[in-house]
Amino acid sequence: MHSANHTSGIKISVDAMGGDFAPKTTVEGAVLAARELNIASILVGNESLLAEELSSYDHSGLPIEIRHAPEIITMDESPLNLIRKKKHSSIRIAFDLVRSGEARAVVTAGNSGAALTASLFVLDNMKGIDRPAIATAMPTLAGSVIVIDAGANTICKPFNLVQFALMGSVYVQCLLGTENPRVGVLSNGEEDSKGTKLTRESSALLKDSTLNYIGYVEGKEVFKGDVDVVVCDGFVGNVLLKVSEGVAETIVAALKHEIQKSISSQLGYILAKKSFDDFRKWFDYANYGGSPLLGVNGGVIISHGRSNAKAIKNAIRVA
């Protein structure tokens, strides 16, 4: 299953058994990434299942290989099993490939707790970083904003948030090309007296840092585009993420419902269809692909459990 040369020389290992619709979506995503973006990948999982899935596509000459992993860490399983009981799980072997240098980054839509555990135990933290954090891109009126941490650490200390701010700032600078990114701490008001002990102490530390810290950011300000990096603990960040997804899906469903009520609404929809489609794309996580886990020695992209093939393709692109 070894492949022809590809342009970048970079290989991405894909936890092909991870996600609600794997391995169908993970294999198709890898095929799309190879065909459209010329990115090489190593699909990790049950060899016969993956080979069978791959055979339904014309993959001759595509830079895709398969690595056998007989075990799977399920969504409801303890993440520690990848160290204790299942050293041959697809997620563990996918991370091992990054550690050995055979792959440059890993993509997984599987158990996110297991992805975090593998990052810490297999890849280890970067020097000077106490805890890695998930950096998720969210749409704004001016482009996008990075929310960090979006779910890796539910209990944090102020210095953790300062490290998240630093990692988010570097990520935005290097990957999005934003000079001197504006950093804000997510809070329940803009006044210094608001927030929790964690946000107040983090804010004080960030004011003394060399980062471009602009102060507290309220939830309603996140999507306006006046800030580049929003810093919070993983509990708050994950709630923000899930609420935003839910609101977007509800708006689309409510609009559909209203449009179907009358002929004039349906005619209006036909005229405005492109705007509706653009709105849906704006909030579609499949376009973002996945979120990097920053602060570990190796590229780690954590994708949505419901990822479709397009989302996996984009996760491989992000990786």
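Bear in mind the structure is a predicted one, so any value in this text is a computation, not a measurement.

Asks: Whenever I open this one, the nonpolar core confuses me. Can you help?
Replies: The tendency in soluble globular proteins is for nonpolar side chains to be buried side by side. In this structure, Val44, Ile91, Phe95, Leu123, Val230, Leu293 and Val300 are the most contacted members of the largest nonpolar core, which totals 37 residues. Taken together, the elements giving at least two residues each to this core come down to β2 (40-45), α4 (90-99), α5 (112-123), β5 (133-140), β6 (143-148), α8 (234-259) and β11 (299-302). Residues Ile39, Leu50, Ile66 and Ile301 belong to the second largest nonpolar core, which totals 24 residues.

Asks: I would appreciate a short explanation of empty space enclosed by the protein in the present structure.
Replies: Using a probe with the size of a water molecule, rolled over the atoms, empty space left in the structure can be pinpointed. Scanning the model with the defined rule gives one cavity of 30 Å³ or more in all. Taken together, the residues that form the lining of the largest cavity break down as five nonpolar, four polar and one charged.

Asks: What am I meant to see in the side chain of Thr199 here?
Replies: By secondary structure assignment, the location of Thr199 is in helix α7 (residues 197-207). Among residues more than four places away in sequence, those in contact with Thr199 are Val185, Leu186, Ser187, Lys194 and Tyr216.

Asks: For this particular structure, what's the right way to read the pattern of salt bridges?
Replies: Pairs may arise between side chains of opposite charge once their charged atoms sit close together. Under the defined criterion, the tally for this structure stands at 13 salt bridges. Ionic pairing is found between Lys86 and Glu77, a salt bridge with its closest N-O pair at 3.0 Å. In this structure, Lys194 engages Glu191 in a salt bridge whose closest nitrogen and oxygen atoms are separated by 3.5 Å. Within this structure, Lys11, Glu65, Arg67 and Glu102 form a network of salt bridges that share partners.

Asks: Could you clarify how one ought to interpret the environment of Ser48 in this entry?
Replies: Along the polypeptide, Ser48 turns up in helix α2 (residues 47-54). Within the structure, the side chain of Ser48 is placed 2.9 Å from the side chain of Asn46, a separation counted as a polar contact.

Asks: Whenever I open this one, the packing of helix α1 (residues 24-37) against α2 confuses me. Can you help?
Replies: Relative orientation and spacing of two packed helices are given, respectively, by the angle between their axes and the distance between those axes. In contact at an axis separation of 10 Å, α1 and α2 are set at 55° when each is read in the N-to-C sense. Compared by their axis directions, α1 and α2 come out oblique. Along this stretch, α1 crosses α2, giving a crossing that reads as right-handed. Contacts between α1 and α2 involve Lys24, Val27 and Val31 from the first element and Leu50, Glu53 and Leu54 from the second. Along the lines of polarity and charge, the residues of the contact of α1 with α2 split into four nonpolar, no polar and two charged.

What counts and what doesn't
Along every chain, residues carry numbers that run from 1 in the direction the sequence is written. Thresholds applied to this predicted model are a pLDDT of at least 70 for local features of residues and 80 or more for the giving and counting of side-chain atom pairs; totals over whole chains, interfaces and linings are not thresholded and use all residues. Values reported for side chains reflect all heavy atoms of the structure, with hydrogen atoms and water molecules removed beforehand. What is meant by a nonpolar core is a set of buried Ala, Val, Leu, Ile, Met, Phe, Trp, Tyr and Cys residues, joined one to another through side-chain atoms within 4.5 Å. Only protein chains enter the area calculation, which uses a 1.4 Å probe; residues under 20% of their type maximum are buried, those over 50% are exposed, and those in between are partly exposed. Per the convention used, a helix needs a DSSP run of H or I reaching at least four residues, while a strand needs a run of E reaching at least two, with both numbered from the N terminus. Buriedness of a pocket was judged along seven lines, with at least five required to meet protein on both sides within 12 Å; pockets are open sets of points on a 1 Å grid over the protein atoms alone, cavities are sets where a 1.4 Å probe fits but cannot get out, and lining residues have an atom within 4 Å of a point. Grid points are joined across faces, edges and corners, and a volume is the space filled by probe spheres set on the points. Ten residues, namely Ala, Val, Leu, Ile, Met, Phe, Trp, Tyr, Cys and Pro, are considered nonpolar, four, namely Asp, Glu, Lys and Arg, are considered charged, and the remaining ones, Gly among them, are considered polar. Between two residues, a contact is recorded if the distance between any of their heavy atoms is within 4.5 Å. Salt bridges are identified by distance alone: a Lys or Arg side-chain nitrogen within 4 Å of an Asp or Glu carboxyl oxygen. Throughout this description, a polar contact denotes any pair of N or O atoms lying within 3.5 Å of each other; where both atoms belong to protein, one of them has to be capable of donating a hydrogen while the other can accept it, and for residues adjacent in sequence the pair is counted only when both atoms sit in side chains. Whenever a helix is involved, its axis is fitted only over the stretch in contact; in every case the axis is a line through C-alpha atoms, and angles between N-to-C directions fall within 0 to 180 degrees. The cut-offs work like this: below 35 degrees is roughly parallel, past 145 is roughly antiparallel, 65 to 115 is roughly perpendicular, and the gaps in between are oblique. Rotating anticlockwise by less than a right angle from the far helix to the near helix defines a left-handed crossing, while the corresponding clockwise rotation defines a right-handed one.

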